[in-house]
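Here is how the chains run, residue by residue.
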2 protein chains.
Amino acid sequence: MQPKEDLITSWFAAQSTLDPAQFPIGIGDDMAEIQLAKDVSILITTDMLMDGTHFDLSTCTLEQAGYKAMASSLSDCAAMATIPLSAVAAISLPVGFGEREIKELHAGRVRAGALFDCEVIGGDITKWRDPAGKLAICYTILSKPSGHHPPVRRNGARPGDIICVTGSLGGSLAGKHLDFIPRVKEAFEITRRATINAMMDITDGLSTDLNRICTQSKVGAILQADMIPYSAAAQDSGDPIRAALHDGEDFELLFTLTGSEFKNLDGYPDIAITPVGVITDTPGIQIKLPDGTTQKLEPKGYDHL
Amino acid sequence: MQPKEDLITSWFAAQSTLDPAQFPIGIGDDMAEIQLAKDVSILITTDMLMDGTHFDLSTCTLEQAGYKAMASSLSDCAAMATIPLSAVAAISLPVGFGEREIKELHAGRVRAGALFDCEVIGGDITKWRDPAGKLAICYTILSKPSGHHPPVRRNGARPGDIICVTGSLGGSLAGKHLDFIPRVKEAFEITRRATINAMMDITDGLSTDLNRICTQSKVGAILQADMIPYSAAAQDSGDPIRAALHDGEDFELLFTLTGSEFKNLDGYPDIAITPVGVITDTPGIQIKLPDGTTQKLEPKGYDHL
């Protein structure tokens, strides 16, 4: 079953009357693209992060919340292998928050933005009147194509493609979700070495996000359970494969490419790249378990709705 | 005294290390501008509107909230006389909201966007986990320069300039704030007829917003109380001049230009343009009252913080 979030995204995409010549990439990818002149385009992503949903101010600092909000949007730039340009920030402040809290949030976003020379160029800060109103942070980031590879979409996976992930997956809520490094540089380097057919960042869990690539590409996939690189935190959870498949907030790259392009990534030095399965022409995702049996894999990651 | 919001905006602007060649307009105007190629630039604005602060779902519909959020950002395009291109939407949904509520919000933003052919090209919707979490809507709009006039900033007012406003002011909360038409077309036409030195939209009240133009332009102003065009709703308030000066949410244009340029607006057909005062070289804003006396005018409009 498709997550509710994906059904509503499909509905929005179906409403769209955008001219593809002016908007080469619209609703449904990690970023949308606007063509401004013959060789000039810009991409945009927006994300709303809320206290109690994406971070918890009872257990993390405002600096960490600011960092995570900025890093999450930068991860969307990585998801399409584009170069971050600048950001704008809109923030809803709880009653009682003032200059000190604003500056702490700012420090976090500066720390994330400085990784990729992406500065905030404008914004809007407003306070809730309702005393129950909680912090919400919305960063919108603009990026540009890398020049060496078109922005990588979700809809380009082809049967026979190898499915790869960077780093390790699962258990991010134990800590990584607050201090991950968006894979902007890795996406840049990977797309310099190889042609990538489909890519996104893993935010809602491998099962849910691979399902998005498969649905948009009108293909299926077989994952190999014992190939999936799980994190130490996933190991600690007691069911590392389950954690790696469904936990989400990994902010790693998930991409597909042909076998011959995959060879071009041989010896890639910056981060582990692990093949975890193949794209098939049969819809749906199957997973081959260590005991040799194959099961249907439902998208059981995080559904925002 | 400067509003707290303006003090923190100045602090952010002072932190900025943006290269003006790449970012001709940064923090402190209605939109920021990014230069992408020799003759290609894009502008961006982001606004967060919250239930209980900018609209009240106990007295307005979701469609109206969606309209207002989109129209508020379109008004920023008008404020600089730029052409809206497209928008992205980020929304935090209260617990219990689902597809029906999302589609109602969407209908409102479509109604506003259709006025200027500005469509939503992407977004992010997330639900609060906290049952007290209220609706927050963040629309970010991209625009482009008109081609016939550079984007109009706040910092260009010069002593001797005539200060003008469009339409009538005050009492917007009686209804107009939910169904105003952003002055995009008027800003386009005004800047086609005349060179405008400084402009913004009136969102926080004439006293506060004129103070912003004066502060950024390092000038002062004298307003003529009996020239200020107040609305019927301001009249109903019992103190129409006070309402017109401080109420805010008028979403009318406030601009300054030389006397000879002002003549070019003679007979402008689309909306009333009223001269309300002059720019001076003495800092601060004075207001000349109907009894002939002159008083200092403090910015007493809406302070977001």
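About the criteria used
- Residues numbered from 1 in each chain as written.
- Chains lettered and ligands numbered in written order.
- Predicted model: local features only at pLDDT ≥ 70, side-chain atom pairs only at ≥ 80, totals over all residues.
- Heavy atoms only, no water.
- Helix = DSSP H or I, 4+ residues; strand = E, 2+ residues; numbered from the N terminus.
- Rg over C-alpha atoms; globule rule 2.2 N^0.38 Å.
- Buried < 20%, exposed > 50% of the residue type's maximum accessible area, 1.4 Å probe, protein only.
- Contact = heavy atoms within 4.5 Å.
- Areas by Shrake-Rupley, 256 points an atom, 1.4 Å probe, with all protein chains shown as cover.
- Lys, Arg positive; Asp, Glu negative; His and termini not counted.
- Charge placed at Lys NZ, Arg CZ, Asp CG, Glu CD.
- Pairing = 2+ DSSP bridges.
- Axes fitted to C-alpha atoms, helices over the stretch in contact; angles between N-to-C directions.
- Parallel < 35°, antiparallel > 145°, perpendicular 65-115°, else oblique.
- Left-handed = near helix turned anticlockwise from the far one by under 90°.
- Nonpolar A, V, L, I, M, F, W, Y, C, P; charged D, E, K, R; others polar.
- Expected span 1.5 Å × (residues − 1).
- Arc of directions from axis to C-beta.
- Least-squares fit on C-alpha atoms with pLDDT ≥ 70 in both.
- Domains from an automatic or database assignment.
- Buried area = accessible area lost by both parts, 1.4 Å probe.
- Salt bridge = Lys/Arg side-chain N within 4 Å of Asp/Glu carboxyl O.
- Polar contact = N/O pair within 3.5 Å; in protein donor to acceptor, adjacent residues only side chain to side chain.

Chemist: Sorry if this is basic, but what is going on with the overall build of chain A here?
Modeler: A tally of regular secondary structure across chain A gives nine helices and 12 strands. Its C-alpha atoms give chain A a radius of gyration of 19 Å, within 12% of the compact-globule value 19 Å for 305 residues. In terms of its C-alpha atoms, chain A occupies a principal-axis envelope of roughly 55 × 55 × 40 Å. Across the 305 residues of chain A, 59% fall into the buried class. Contacts in chain A between residues at least 24 apart in sequence constitute 83% of all its contacts with a sequence separation of at least 6. Summed over all atoms, the accessible surface of chain A reaches about 11,500 Å², with 52% contributed by carbon and sulfur. Considering chain A, the positive charge centre built from 26 side chains and the negative charge centre built from 40 side chains are found 2 Å apart.

Chemist: Explain the sheet that holds strand β4 (residues 119–127) of chain A here, please?
Modeler: What holds strands together in a sheet is hydrogen bonding between their backbones, with the strands either parallel or antiparallel. Residues and elements named next belong to chain A. Reading across the sheet, the five strands line up as β1-β2-β5-β3-β4 and stay open at both edges, with mixed pairing between neighbours. Of all the strands in the sheet, just β1 (32–37) and β4 have a single pairing partner and so form its edges. Each strand axis lies, on average, 20 degrees off the axis of its neighbour in the sheet, ignoring direction. Across eight bridges, the pairing between strand β3 (residues 82–93) and β4 is parallel. By the bridge assignment, Ile91 is partnered in β4 with Ile125. Along the sheet, helix α2 (residues 62–79) contacts β2 (40–50), β3 and β5 (136–145); its crossing angle with β5, the most-contacted strand, is approximately 30 degrees. Sheet strands in contact with helix α3 (residues 99–114) are β3, β4 and β5, and its direction is about 165 degrees off that of β3.

Chemist: Could you clarify how one ought to interpret the packing of helix α2 (residues 62–79) of chain B against helix α3 (residues 99–114) of chain B in this entry?
Modeler: Axis angle and axis distance: for two packed helices, these are the angle between their axes and the distance between the axes, and together they describe the pair. Residues and elements named next belong to chain B. Two elements in contact, α2 and α3, have axes whose closest approach is 7 Å; the angle formed by their N-to-C orientations is 40 degrees. It follows from the interaxial angle that α2 and α3 lie oblique. In this structure, the crossing between α2 and α3 has a hand that is right-handed. Taken together, the residues of α3 that come into contact with α2 (itself represented by Leu62, Glu63, Ala65, Gly66, Tyr67, Met70, Ala71 and Leu74) are Glu101, Glu104, Leu105, Ala107, Gly108, Arg109, Arg111, Ala112 and Gly113. When the residues that make up the contact of α2 with α3 are grouped by side-chain class, the tally is nine nonpolar, three polar and five charged.

Chemist: Would you mind going over α3(B) with me for this structure?
Modeler: Owing to its 3.6 residues per turn, the α-helix aligns residues three or four sequence positions apart on the same side. For α3(B), spanning 16 residues, the distance from its first C-alpha to its last is 22 Å, which sits close to the expected 22 Å at 1.5 Å a residue. Among all positions in α3(B), only Glu101(B), Ile102(B), Leu105(B), His106(B), Gly108(B), Arg109(B), Ala112(B) and Gly113(B) are buried. Along the long axis of α3(B), the arc covered by the buried residues comes to 160 degrees, so they all point the same way. Exposed positions of α3(B) whose direction lies more than 90 degrees from the buried face are Arg100(B) and Ala114(B). Considering only its buried residues, α3(B) is in contact with α1 (4–15) of chain A together with α2, β3 (82–93), β4 (119–127) and β5 (136–145) of chain B.

Chemist: For this particular structure, what's the right way to read the relation of the copies chain A and chain B?
Modeler: What relates the two chain copies is a rotation about an axis together with a slide along it. Of the two same-sequence chains, chain A is brought onto chain B (RMSD 0.0 Å, axial shift 0.0 Å) by a rotation of 180 degrees. One copy is carried onto the other by what is essentially a two-fold rotation axis. In this assembly, 100% of the residues forming the interface of chain A have copies in chain B that are likewise at the interface, indicating an isologous arrangement.

Chemist: Whenever I open this one, the domain arrangement of chain A confuses me. Can you help?
Modeler: Interfaces are frequently sized by the accessible area removed from exposure as the parts join. Residue and element names in this part refer to chain A. Parsing chain A into structural domains produces domain 1 (19–145) and domain 2 (162–296). A separation of 24 Å is found between the C-alpha centroids of domain 1 and domain 2. The partner domain 2 presents 19 residues to the 23 residues of domain 1 that form the contact. Summed over both partners, the interface of domain 1 with domain 2 buries about 1,700 Å², with 63% contributed by carbon and sulfur atoms. Sorting the residues of domain 1 by area buried against domain 2 places Lys68, Ala78 and Phe116 first, and these three jointly supply 28% of that buried surface. Inspection of the region where domain 1 meets domain 2 yields one salt bridge. Lys68 is paired through a salt bridge with Glu249; the nearest N and O atoms lie 2.4 Å apart. Summed over the shared surface of domain 1 and domain 2, the result is five residue pairs in polar contact (both at pLDDT 80 or more). Where the side of domain 1 that touches domain 2 is concerned, the elements lending two or more residues are α2 and β3. The element contributing the most residues to the side of domain 1 that touches domain 2 is α2, with 10 residues. Here the side of domain 1 that touches domain 2 is composed, by residue class, of 13 nonpolar, six polar and four charged.

Chemist: Sorry if this is basic, but what is going on with the interface of chain A and chain B here?
Modeler: Residue-level contacts link 61 residues of chain A with 61 residues of chain B. Between chain A and chain B lies a buried interface of about 5,300 Å² when both sides are counted; carbon and sulfur atoms form 71% of it. Contact with chain B buries area across many residues of chain A, yet Met48(A), Ile121(A) and Trp128(A) alone supply 12% of it, more than any other trio. Here chain A is connected to chain B by 13 residue pairs in polar contact (both at pLDDT 80 or more). Among the elements of the structure, α1, β1, β2, β3, α3, β4 and β5 of chain A are those that each provide at least two residues to the side of chain A that touches chain B.

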